[in-house]
Amino acid sequence: MGMEILHRIRDCTICRDHLPHGVNPVLAAHPESRVAIIGQAPGSIVHRTGIPWDDKSGDRLREWLGVSVEEFYDARNFAIIPMGFCYPGKGKSGDLPPRPECAPQWHGILLEQLTNLGLTLLIGQYAQARYLGERRKRTLTETVRSWKEYLPDKLLVLPHPSPRNNIWLRKNPWFEAEVLPELRNIVQRG
């Protein structure tokens, strides 16, 4: 993959009229990326820094993966491809949903160039809805609880690692006991 696609995405302005804080597409990828992380959209901190997962959610995600900051930001290890590449702004109970234009416009062309992927993480309901379709369960909890169903397709479903999900994590201790050890094993095996 030439870096052309990354430049094209970073220059994208298709939803600028809907972004109250302006356009700043944030992503990372390399032809040798081993794991794709498909999350929601950058938050306000990431919008300001331009560094993916540069917040408390990113700290927790790196802990879940069992990797260092250096390993995480090596795009040969992790391609970071949000559903919406720009910060969508604040809503009543957290950030607004990712803009719907990004994934249909860019994901296919970007993912087809990542030929070394051994795993794709689908973080949160938006990524799971797009990539699981009819295979997604009724709720995020049921989908994550069914994580083994998706592994043969090199997919692993996760809740969002946001501190806003602390209550969910406390209510679902099986996630840390069952899913995270398998996630770390897959990441370490490469």
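Above this text is the structure in question.
Small disclaimer: the values here were computed from a predicted structure and weren't measured. Per chain, residue numbering runs from 1 following the sequence as it is written. The predicted nature of this model means local features are confined to residues of pLDDT at least 70 and side-chain atom pairs, given and counted, to a pLDDT of 80 or more, with totals for whole chains, interfaces and linings taken over all residues. Values shown for side chains rest on all heavy atoms present in the structure; no hydrogens or waters enter the calculation.

## Considering empty space enclosed by the protein
So, step 1. Think of a 1 Å grid over just the protein atoms. A cavity is a set of points where a 1.4 Å probe fits yet cannot get out, a pocket is an open set with protein on both sides within 12 Å along at least five of seven lines, and lining residues have an atom within 4 Å of a point. Grid points are joined across faces, edges and corners, and a volume is the space filled by probe spheres set on the points. Scanning the entire structure with this criterion turns up one cavity of 30 Å³ or more.
So, step 2. Its boundaries defined by the atoms lining it, the largest cavity holds a volume of some 50 Å³.
So, step 3. Lining of the largest cavity is provided by C12, T13, I14, C15, L19, V23, P25, F85, C86 and C102.
So, step 4. Lys, Arg, Asp and Glu make up the charged group, whereas Ala, Val, Leu, Ile, Met, Phe, Trp, Tyr, Cys and Pro make up the nonpolar group; the residues left over, Gly among them, are polar. Grouping the constituent residues of the lining of the largest cavity by class yields nine nonpolar, one polar and no charged.

## Details of unusual backbone geometry
So, step 1. At W53, a residue that is not glycine, the phi angle is positive and equals roughly 55 degrees.
So, step 2. Think of it this way: any DSSP run of H or I at least four residues long counts as a helix, any run of E at least two long counts as a strand, and we number them from the N terminus. With respect to the helices, strands and loops of the structure, W53 is situated in the loop between α2 (44-49) and α3 (56-65).
So, step 3. A relative accessible area of 11% places W53 in the buried class.
So, step 4. Of note, the phi angle at K154 is positive, near 60 degrees, even though the residue is not glycine.
So, step 5. Turning to its location among the elements, K154 is positioned in the loop between α8 (147-150) and β6 (155-158). Throughout this description, buried means an accessible area under 20% of the type-specific maximum (1.4 Å probe, protein chains only), exposed means over 50%, and partly exposed covers the range between.

## Digging into the layout of surface pockets
So, step 1. Quantified by volume, the largest pocket comes out at close to 880 Å³.
So, step 2. Within the residue set of the lining of the largest pocket, elements represented by two or more residues are α2, α3, β4 (94-95) and α6 (125-132).
So, step 3. Among the elements that take part in the lining of the largest pocket, α2 stands out by supplying three residues, more than any other.
So, step 4. Across the lining of the largest pocket, the residue classes tally to 20 nonpolar, 12 polar and five charged.

## Describing the nonpolar core
So, step 1. The criterion is simple. A nonpolar core is a set of buried Ala, Val, Leu, Ile, Met, Phe, Trp, Tyr and Cys residues joined through side-chain atoms within 4.5 Å. Counting residues in hydrophobic clusters, the biggest one holds 52 residues, and the most contacted among them are I37, L65, F72, L121, L158, F175 and L183.
So, step 2. With seven residues, helix α10 (residues 173-189) is the largest single contributor of residues to this core.
So, step 3. Any two residues whose heavy atoms approach within 4.5 Å at even a single point are treated as in contact. Look past the residues within four positions of L121 in its chain and what remains in contact with it is V35, A36, I37, I38, L65, L156, L158 and L183.

## Observations concerning the sheet that holds strand β5 (residues 119-123)
So, step 1. Pairing within the open sheet is parallel, and its four strands lie in the order β2-β1-β5-β6. This sheet does not close on itself; its edge strands, each paired only once, are β2 (78-80) and β6. Across the sheet, the axes of successive neighbouring strands diverge by a mean angle of 20 degrees, strand direction being ignored.
So, step 2. The sheet contact formed by strand β1 (residues 35-38) and β2 spans three bridges and is parallel. In the strand pairing of β2, I37 is matched with I80. Note: two strands are recorded as paired if DSSP finds a minimum of 2 bridges between them. The axes are straight lines fitted to the C-alpha atoms, using for helices just the contacting stretch, and the angles between their N-to-C directions are given from 0 to 180°.

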